[in-house]
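A closer look at the structure
Chain residues, written in single-letter form:
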Amino acid sequence: MEYTTLGKTGTKVSKLCFGTWRFGKESDGTVETDREEAYELLDACWEHGINFIDTANVYGNPNGKSERWIGEWLADRDHHREDLVLASKVYFPFDGRGEPGPNDSGLGRKHIRAQIEGTLERLGTDYLDLYYIHRWDEDTPIEETMRTLTELVREGKVHYLGASSMAAWKLTKALWTSDVEGLERFDVTQPMFNAADTDDVSDYLEVCADQDIAVCPYSPLAGGFLTGKYERADDGTVIAPDGARGSLTDLFEDRYTSDTAWDVLEAVEGVAEEIDATPAQVSLRWLMEQDSFTCVPIVGARTPEQLAENVGAVDLELSDAQFARIDAARGPDDDGYR
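Note that the structure is predicted; figures quoted are calculated from it, not measured.

Moving on: the layout of surface pockets. Where empty space is left can be seen by rolling a probe of water-molecule size over the atoms. For the second largest pocket, the calculated volume is near 250 Å³. For the second largest pocket, the lining is made up of 17 residues, of which Asn63, Phe94, Gly96, Arg97 and Arg122 are closest to its centre. Contributions of two or more residues to the lining of the second largest pocket are made by α2 (65–77) and α3 (109–123). Looking at the lining of the second largest pocket element by element, the count peaks at 6 residues for α3.

This is how it looks when you write it as structure tokens:
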């Protein structure tokens, strides 16, 4: 495994982050990743040198299950807490103690304070390396949110702050507020960003590049689309293998399979053949090689074998021409983004 500095922080992380949103998650009555499978995946992360683990207070059914399993794994395996970089999130309604009440969501001081205590308890740790706001809260002044998060940093409960999906102007507003008020800033972001993504996130990424903010994109393989396991039928619909995400949700086709995405997949598959790699590895490497900002993809492998394939991306190198070919399939603008 290779390691990189997380933006302008002083923390080094593996070039891949492991996402645990499937831990304890139920889909149509089926648990996507059960406790035993979660342990196997975390063991595989450890063996491959992945030290960056991403979770959230609302992952799992009931909420909090993912954090609890990670904490139990750490204790059971007797790994040293300092060997891992743990990230979690706050915002969405939390049902881990029953039906969410009126203050069990959002980014107000009461909810943040309650959730950080629960997160730390479930993870079995005194601090988080990285704490994200999971979304933007329209009902809470950003000054209250940033002041509360700053208190957590100064109390030693959180090392760095992160922000997930939001409009570029909202990220800019939060950074401006921190600067003006003398508060802690966001050092890491977590947007949905991948080679096949058809949503324009260029403004958001330009803010990250300008402010030296690390980008840890979720869904780096476009929900599995960029693994190459899906096919396009003559009528334009998606043919998915049994059990694949494309056969589990109607949202898949709308989100990931645009005409542009198929063009990107063709370019990715061509590069993969040239360098004896898989489409998934090439797609992850394309993200790692972003040169305007530190980019650490969050992978959500479902098996140790898939994780091993993902880790293989670390050893790849794309030529300038190969990188540009994938960009061209995306229809890049003058700054290199869609």
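Attention now moves to helix α11 (residues 320–330). Taken together, the buried positions of α11 are occupied by Gln322, Phe323, Ile326, Asp327, Ala329 and Arg330. Buried residues of α11 fall within an arc of 160 degrees about the axis and therefore sit on the same side. In α11, those exposed residues whose orientation departs by more than 90 degrees from the buried face are Asp320, Ala321 and Ala328. Against α8 (259–274) and α9 (279–288) lie the buried residues of α11.

Moving on, we get to unusual backbone geometry. Between Asn61 and Pro62 the backbone carries a cis peptide bond, its omega angle lying at -5 degrees. Mapped onto the fold, Pro62 is located in the loop between β6 (52–54) and α2. The backbone of Asp78 shows a phi angle near 60 degrees, a positive value even though the residue is not glycine. Tracing the chain through its elements places Asp78 in the loop between α2 and β7 (85–90).

The buried fraction of strand β8 (residues 128–133) amounts to 6 of the 6 residues, a majority that puts the element mostly inside the structure. The pairing of β7 with β8 spans 4 bridges and is classified as parallel. From the neighbouring strand, Lys89 faces β8, where its bridge partner is Tyr132. Handedness of the β7-α3-β8 crossover: right-handed. In terms of strand pairing, β8 meets strand β9 (residues 158–163) through 5 bridges, oriented parallel. Bridging across to β9, Tyr132 finds its partner in Gly162. Read from β8 through helix α4 (residues 142–154) to β9, the crossover connection turns out right-handed.

What counts and how
Residues numbered from 1 in each chain as written. Predicted model: local features only at pLDDT ≥ 70, side-chain atom pairs only at ≥ 80, totals over all residues. Heavy atoms only, no water. 1 Å grid on protein atoms, 1.4 Å probe; cavity = no way out; pocket = protein on both sides within 12 Å on 5 of 7 lines; lining within 4 Å. Points joined across faces, edges and corners; volume = space filled by probe spheres on them. Helix = DSSP H or I, 4+ residues; strand = E, 2+ residues; numbered from the N terminus. Buried < 20%, exposed > 50% of the residue type's maximum accessible area, 1.4 Å probe, protein only. Arc of directions from axis to C-beta. Contact = heavy atoms within 4.5 Å. Pairing = 2+ DSSP bridges. Right-handed = clockwise from strand over helix to strand, strands pointing away.

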